Amino acid sequence: VTEKDGFCREYVSGEKKNLVSALEAQLSDKAAYAAGKLLKNMCRGDSFAVPRLGGIAQVRKVTARGLYTHYQKVLRESPVEIFYVGSADLEQVAALLRPIFAQLPREELLVLPPQTALNPAKPSHKNEKMDISQAKLAMGFVTDITNRDGRFAAMQLFNTVFGAGMTSKLFVQLREKQGLCYAIGSSYYAGKGLFTVNAGIDSARVEETKTAVLAQLRACQAGDITQQELENAKAAVLSSLRAVYDGPGAMESFFSTMALSGLDRSPERYAQEIQAVALEDVVAAAETLRFHSSYFLTGEGQDE
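In this report, we go over the structure that sits alongside the text. For clarity, every value in this text was computed on a predicted model and none was experimentally measured.

### Let's talk about the overall build of the protein
Across its full length, the protein carries 12 helices and 7 strands. In terms of principal-axis extent, the alpha carbons of the protein reach across some 65 × 50 × 35 Å. Taken across its 304 residues, the protein has 38% of its residues classed as buried. Counted over contacts in the protein with a minimum sequence separation of 6, partners at least 24 positions apart contribute 80%. By element, 53% of the accessible surface of the protein is carried by carbon and sulfur atoms, the whole surface being about 17,200 Å². When the 34 basic and 35 acidic side-chain charges of the protein are each reduced to a single mean position, those positions are 6 Å apart.

Pasting the structure below:
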């Protein structure tokens, strides 16, 4: 819906309010806020530093005319990937879509650069204060293993063993046994070779928690991973792969990631790769991790 030289201003204004509300809601999740600030600091100069929804200041600058101009540019220049989920014959679906796309004013398409492992900015250890009761610690690591690497399955399994789940080393050792944190977990950003650990802690225990995280990593790098831990990790990852077909959203997420990474990998094929990983492969993947940066969010008046 357009008016004059742009989109309908009333519609644009409404969508801007919706987006600002979504961004404000993100600010209320302090764990996600701290994780995002860490990634932004580590990825300075890389597009990966740009938040998925942008920023509030950026949203407020959007105009109905400018947005329509951008929309036209997308139609002219942007590559398109189509994912179809359903029972109809693929060629039948393609026949329906071709005349629709034939009407678009397509020009020379943008050439998207291939994804590369992150070349991180200089290490950055930042502290910030907010009106919060529970401090948030985010630690960032880098690795040269991305989802285009033959060692990808081993790194994903290491992430599961190390911090992704309630049976992981970080959860069991730091939370359950040592009582250092209220919550803790790790994440692996396979497209860029980024690995993070995020924890909710008492602000006075930040250095103790950092030391304990690094100690667990060094132990894994020295081979302190059992065969049972590996089997548990494989079971968890294989279960998530089987869940890909539970709904269209999960399927689109998996296959779009593969397409954007230039990969032809099905859940079934990746499950075979997971099954083939040996214990020494997981240890070798752990050895590639290097601690890079940290971000610490603490409450006003709390000791750091």
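Read on, since the account is not over.
### Things to note about the sheet that holds strand S6 (residues 194-201)
Read across the open sheet, the 5 strands follow the order S3-S7-S4-S6-S5; overall the sheet is mixed. Every interior strand has two partners, whereas the edge strands, strand S3 (125-130) and strand S5 (183-189), have only one. Across the sheet, the mean angle from the axis of one strand to that of its neighbour is 15 degrees, orientation sign disregarded. Along the sheet face, helix H8 (residues 206-221) touches strand S4 (135-142), S5, S6 and strand S7 (290-299) and points at about 35 degrees away from the line of S4.

### With respect to helix H5 (residues 90-102)
Helix length check: H5, at 13 residues, gives a terminal C-alpha distance of 18 Å against a target of 18 Å (1.5 Å per residue), a fit within 8%. N-capping of H5 is provided by Asp89, with a side-chain oxygen placed 3.0 Å from the backbone N of Glu91.

### Some points on the packing of helix H6 (residues 152-162) against helix H11 (residues 267-275)
Taken N-terminus to C-terminus, the directions of H6 and H11 make an angle of 70 degrees; their axes are 9 Å apart at the nearest point. Classed by the angle they form, the pair H6 and H11 counts as roughly perpendicular. Contact residues: H6 offers Phe152, Ala153, Gln156 and Leu157, while H11 offers Tyr270, Glu273 and Ile274. Considering only residue class, the contact of H6 with H11 consists of 5 nonpolar, 1 polar and 1 charged.

### Describing the packing of aromatic side chains
Counting across every chain of the model gives 13 aromatic pairs. Note on Phe152 and Tyr270: the rings are 5.2 Å apart at their centroids and 15 degrees apart in plane angle, and the pair reads as stacked. Of this pair, Phe152 sits in helix H6 while Tyr270 sits in helix H11, placing them 118 residues apart in sequence. The same class applies to Phe152 and to Tyr270, which are both buried. Ring centres of Tyr188 and Phe195 lie 6.5 Å apart, and the angle between their planes is 40 degrees; on these two criteria the pair is classed as tilted. An aromatic cluster of at least three residues, connected via ring pairs, comprises Phe141, Phe152, Phe158, Phe162, Tyr188, Phe195, Tyr270 and Phe291.

### Examining the pattern of salt bridges
Counted according to the given criterion, the structure contains 15 salt bridges. Across the pair Arg98 and Glu91 runs a salt bridge, and its minimum N-O distance is 2.8 Å. Given the relative accessible area of 48%, Arg98 is considered partly exposed. With a relative accessible area of 45%, Glu91 lands in the partly exposed category. For the salt bridge of Glu207 with Lys210, the shortest nitrogen-to-oxygen distance reads 3.9 Å. In this pair, Glu207 and Lys210 both sit in helix H8, 3 residues apart, roughly one turn of the helix.

Thresholds, definitions, all that
Residues numbered from 1 in each chain as written. Predicted model: local features only at pLDDT ≥ 70, side-chain atom pairs only at ≥ 80, totals over all residues. Heavy atoms only, no water. Helix = DSSP H or I, 4+ residues; strand = E, 2+ residues; numbered from the N terminus. Buried < 20%, exposed > 50% of the residue type's maximum accessible area, 1.4 Å probe, protein only. Contact = heavy atoms within 4.5 Å. Areas by Shrake-Rupley, 256 points an atom, 1.4 Å probe, with all protein chains shown as cover. Lys, Arg positive; Asp, Glu negative; His and termini not counted. Charge placed at Lys NZ, Arg CZ, Asp CG, Glu CD. Pairing = 2+ DSSP bridges. Axes fitted to C-alpha atoms, helices over the stretch in contact; angles between N-to-C directions. Expected span 1.5 Å × (residues − 1). Polar contact = N/O pair within 3.5 Å; in protein donor to acceptor, adjacent residues only side chain to side chain. Parallel < 35°, antiparallel > 145°, perpendicular 65-115°, else oblique. Nonpolar A, V, L, I, M, F, W, Y, C, P; charged D, E, K, R; others polar. Phe/Tyr/Trp six-rings, centres within 6.5 Å; stacked < 30°, edge-to-face > 60°. Salt bridge = Lys/Arg side-chain N within 4 Å of Asp/Glu carboxyl O.

Keep in mind these values describe shape, not function.
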